[in-house]
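# Understanding the architecture of this molecule
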Protein chains: 2
Amino acid sequence: MAISESVFRHMEKLVGRNFVTRNKEDLLCYSYDATGQSCLPDAVIFPDTEAQVAQIMKLAWENHLPVIPRGSGSGMTGGAVPIQGGLVVATSRMNKILDIDQENFTATVEPGVIVSHLHTAVEACGLFYPPDPASAAVCTIGGNVGECAGGPRAVKYGVTREYVLGLRAVLPCGDIIRTGVSTAKGVAGYDLTRLIVGSEGTLALVTRIVLKLLPKPECVATLAVCFDDMYTAARAVSGIMRLAVIPRCVEYLDAASLELVKDHLRFGLPRQARALLILEVDGDAGAVKVQADLITGFCKKAGALDVRMAKDPGEATTLWEARKALSPILYKIANQKINEDIVVPISRIPDMVARIEQIQQKSGLTIVSFGHAGDGNIHCNIMYDKQNASQATQAKKAVDQLFEATIALGGTITGEHGVGLTKMAYLSLEIGPVEQDIMKKIKAVFDPRQILNPGKIFS
Amino acid sequence: MAISESVFRHMEKLVGRNFVTRNKEDLLCYSYDATGQSCLPDAVIFPDTEAQVAQIMKLAWENHLPVIPRGSGSGMTGGAVPIQGGLVVATSRMNKILDIDQENFTATVEPGVIVSHLHTAVEACGLFYPPDPASAAVCTIGGNVGECAGGPRAVKYGVTREYVLGLRAVLPCGDIIRTGVSTAKGVAGYDLTRLIVGSEGTLALVTRIVLKLLPKPECVATLAVCFDDMYTAARAVSGIMRLAVIPRCVEYLDAASLELVKDHLRFGLPRQARALLILEVDGDAGAVKVQADLITGFCKKAGALDVRMAKDPGEATTLWEARKALSPILYKIANQKINEDIVVPISRIPDMVARIEQIQQKSGLTIVSFGHAGDGNIHCNIMYDKQNASQATQAKKAVDQLFEATIALGGTITGEHGVGLTKMAYLSLEIGPVEQDIMKKIKAVFDPRQILNPGKIFS
């Protein structure tokens, strides 16, 4: 749907001529996300304040114009792709950390704040914001709220949902709402805060977020543990989780992942290594030593080839850089990937690994798996050549089989990436018609005109 | 609204004649909760299975009959009081722990399970379910889900919301829904799970709960720390929370509370003690020692009169029994209490303590305060003689002033007890008309006939 000249002029008046565009080259930059799917919007607008967001929404409401909220466009399921055209509201200028309250362990931020900037700012005050998606260096906290982002540290600390105390947001009709609290607890009325968290920008456009912070752990120990097969590694994960210690991260990389990042690792891996666990424990110095020793002892008994503790923060950083480089490096293997973030019960990880192996063999495609093993959350990357029709078909089949296996093992089709466009067709595998009907009616409560990020989640 | 003879006979057929009643003496037992408010239902039914619950709801739906879900009736805000009469659905027979999955750290339970039974059962497997409301010995997990219960350990471990992975529930129309997951993570579709948690039994009748468990901490250290005034204690709380350690509990008892329970404490308190903090740290033995030493050192510097560590589990239990006895013991002072569970930012606890003191002086009533200081969650008990009209008026005024002060300090009127009946008139202090309108529309999505726990939360 095209934006009329008068509506566009109105938008220029609202934010200034420099902060709204309909130039093709600009539109292209706001047409896609990390899935590679793309669709041109009709315009992109860059509001600076909540009041501007409210006025923009009101204008869109009156003109039945689709509005697509957008952080950094690093989403993995097409959530920010403007598939019906319309107006992209980019939050890049709303990027202020408004307050870090050191006495009450909260941060109040605008949605466009880059997650790693938040990490740096709160850590400088001796505080800690745990959620750390691999894209933290580029993704926004608004996007994290929209998707309920996780990351490696979710094993111990939970996901974004657990850290959002309260929100301010603009409804599709332009009304501003406040949800939740600024305190550690609060249960007045229905939990609109957690309803909006993870709603993929379809219920309200978040303009301000009150986050819970923790004291920064005094020490962190990072362990790299190698195994000669994935099954032993997967069984070790379950055992580690039973120790009286909860590691803050239990990441795993399969053989294909290791092959991709081996040059990034400062220390060499044993030649026969076919799986790597990256484990972290944190706390005060004494506790960290006790915990690291406990895990080291356990891993050795559980058949690890090698357990190595990072000697210094630099070595730990290198290890994480290798892990975080995985997603972009994947394009070395093929020009297209389908990245799925399935979750299975921890005890079923070995079964899931076996199923992935079978699916790989049957499809003839390379599947690279890594992810947050401590949560049972596996990022399965199905690699194919998008110019090759037969590979594309195989890839689609592989996804079908992957999701069927996940559900059969008692899992979920998305742990932290959301449904967006790419999982819409699979939502009914997990969510029944009565439940979807309730969700759609809730969408209609917030957005009776269906203008906010339309065409996502529900088919 | 009376229940017709034919509907009553139908209910007898559904559950058996022994499990539905309309005898006055039975009705009386299901007419009240811990507020002392009461109203007779027309009948009480005791289903045994989810299928029975679904059939009961369908019958109520067809007959526009109010349905009031009820656990143990230990709620603090009138949530289970059948103010429009109707049918109480008591969950006491649906009290089975269906599964404790030791590999995946989950428990699957029916709503009528007593919380302390769950604690005992999972701890016998080396696992841990953190939420521990003071009423754990009597309250049900279904009630905890309804109110999003907290308790002392919420400081480190969070509230019920953080432990509910998935639900099965019956909608007012009788349809059965499944929400959430059985895994550590999951974000498919809107978060119906957390919408139902804390909805005070107004959206759906929960029939099965999948809970997240943790490994049981190896050791716990319990500290009793005395101060000669509440302000020093309140300031110490904020300081403790800044240590790199997160205590699992930071409870406080004011002078009036101490006076009430001093006979319950095995060890004597210094004569000049006017405030007591009960602190707990947990983890493996090494970590607990380090943490307890850190906190002890800090408290001494922060002006504590005395820091004592429980010598054995028995001593710790006595301390907790004293704390948990507080709510019932209060009736020693007066025949009526209004128990409010306000929350303020941690740094504002000293201000709130001062305001409570002022309100007490102005009202001439005794106000006893204790609660979860680490969360800023204060249970303020305004004591009065219900036969004394002037005291009743003063008590009502004191509540008004208490809530106004709470909101002015950036707090919330309910941290864990819910709104129910007693806070309905105050909800608008915290939640605006647009937000309440959304909540009411969500209620209508679930319950268009307004039959499930009607007349609660919203006025």
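Residues numbered from 1 in each chain as written. Chains lettered and ligands numbered in written order. Predicted model: local features only at pLDDT ≥ 70, side-chain atom pairs only at ≥ 80, totals over all residues. Heavy atoms only, no water.

### Some details on the pattern of salt bridges
Throughout the structure, instances matching the rule amount to 54 salt bridges over all chains. Residues A:R308 and A:D306 are paired through a salt bridge, measuring 3.0 Å at the closest nitrogen-oxygen approach. Of the charged contacts, one joins B:R348 and B:D351 as a salt bridge, the two residues approaching to 2.8 Å between their closest N and O atoms. According to the relative accessible area criterion, B:R348 is partly exposed, its value standing at 33%. (Salt bridge = Lys/Arg side-chain N within 4 Å of Asp/Glu carboxyl O. Buried < 20%, exposed > 50% of the residue type's maximum accessible area, 1.4 Å probe, protein only.)

### What about the domain arrangement of chain A?
Residues and elements named next belong to chain A. Looking at chain A, the domain boundaries give domain 1 (5-90), domain 2 (97-215), domain 3 (219-324) and domain 4 (328-430). At the junction of the two partners, domain 2 supplies 9 residues and domain 4 supplies 8 residues. Overall, the association of domain 2 and domain 4 removes approximately 580 Å² of surface from exposure, summing both partners, and the carbon and sulfur fraction of that is 43%. It is E147, V155 and E200 in domain 2 that bury the most area against domain 4; as a group they hold 59% of the surface buried on that side. Looking at the side of domain 2 that touches domain 4 residue by residue, the classes come out as 5 nonpolar, 2 polar and 2 charged. (Domains from an automatic or database assignment. Contact = heavy atoms within 4.5 Å. Buried area = accessible area lost by both parts, 1.4 Å probe. Nonpolar A, V, L, I, M, F, W, Y, C, P; charged D, E, K, R; others polar.)

### Looking at the side chain of A:N453
Residues and elements named next belong to chain A. For N453, the location among the structural elements is in the segment after α15 (433-446). Of note is the side chain of N453, whose polar atom sits 2.6 Å from the side chain of K456. Leave out the neighbours within four places in its chain, and N453 touches V67, I68, P69, G79, E200, G201 and T202. (Helix = DSSP H or I, 4+ residues; strand = E, 2+ residues; numbered from the N terminus. Polar contact = N/O pair within 3.5 Å; in protein donor to acceptor, adjacent residues only side chain to side chain.)

### Regarding the packing of helix α8 (residues 230-242) of chain A against helix α12 (residues 349-363) of chain A
Residues and elements named next belong to chain A. Interhelical geometry of α8 versus α12 gives an angle of 155 degrees and a closest axis separation of 8 Å. Of the possible angle classes, the one that applies to α8 and α12 is roughly antiparallel. For the pair α8 and α12, the sense of crossing is right-handed. Counted together, M230, Y231, A234, R235 and V237 of α8 and I349, P350, V353, A354 and E357 of α12 form the full contact between these two elements. Taken together, the residues that form the contact of α8 with α12 break down as 8 nonpolar, no polar and 2 charged. (Axes fitted to C-alpha atoms, helices over the stretch in contact; angles between N-to-C directions. Parallel < 35°, antiparallel > 145°, perpendicular 65-115°, else oblique. Left-handed = near helix turned anticlockwise from the far one by under 90°.)

### A word on the sheet that holds strand β13 (residues 249-254) of chain B
Residue and element names in this part refer to chain B. Pairing in this open sheet of 7 strands is antiparallel, and the strands run β15-β12-β14-β13-β17-β18-β16 from one edge to the other. Looking at which strands have only one partner, the edges of the open sheet turn out to be β15 (306-309) and β16 (336-343). The sheet shows a mean angle of 20 degrees between the axes of neighbouring strands, taken without regard to direction. As paired elements, strand β12 (residues 219-227) and β15 share 4 bridges and run antiparallel to each other. Looking across to β15, one finds that C226 is bridged to D306. Each of β12, β13 and β14 (275-283) touches helix α8 (residues 230-242); the most contacted strand, β14, lies at about 20 degrees to it. Sitting on the sheet, helix α13 (residues 389-408) touches β16 and β18 (377-384), and the angle it makes with β16 is about 5 degrees. (Pairing = 2+ DSSP bridges.)

### Here we look at the relation of the copies chain A and chain B
When chain A is fitted onto chain B, the two copies agree to an RMSD of 0.0 Å after a turn of 180 degrees and an axial shift of 0.0 Å. Here the transformation between the copies is reduced to the relation of a two-fold axis. Closest approach to the rotation axis within chain A is made by the C-alpha atom of A:A287, at a distance of 2.2 Å. Mapped onto chain B, 100% of the interface residues of chain A again fall at the interface, so both copies present the same surface. (Least-squares fit on C-alpha atoms with pLDDT ≥ 70 in both.)

### Observations concerning helix α1 (residues 5-15) of chain B
Residues and elements named next belong to chain B. All of the buried residues in α1 are V7, F8, M11, E12, L14 and V15. Taken end-on, α1 shows its buried residues confined to a sector of 160 degrees, consistent with a single buried face. Among the exposed residues of α1, those pointing more than 90 degrees away from its buried face are S6 and K13. Tucked into the core, α1 has its buried residues touching β1 (20-21), β2 (43-45), α3 (50-62) and β4 (87-90). Among the residues trailing α1, G16 stands out with phi positive, at a value near 95 degrees. (Arc of directions from axis to C-beta.)

### Digging into the interface of chain A and chain B
Contacts between the two partners involve 84 residues from chain A, matched on the other side by 84 residues from chain B. Buried surface at the junction of chain A and chain B, both sides included, amounts to about 6,500 Å², of which 64% is carbon and sulfur. For chain A, the biggest contributors to the area lost against chain B are A:K185, A:V187 and A:Y190; these three give 15% of the whole. At the junction of chain A with chain B, the criterion picks out 6 salt bridges. If one sorts the elements of the side of chain A that touches chain B by residue count, α15(A) sits on top with 9 residues. Residue composition of the side of chain A that touches chain B, by class: 41 nonpolar, 23 polar and 20 charged.

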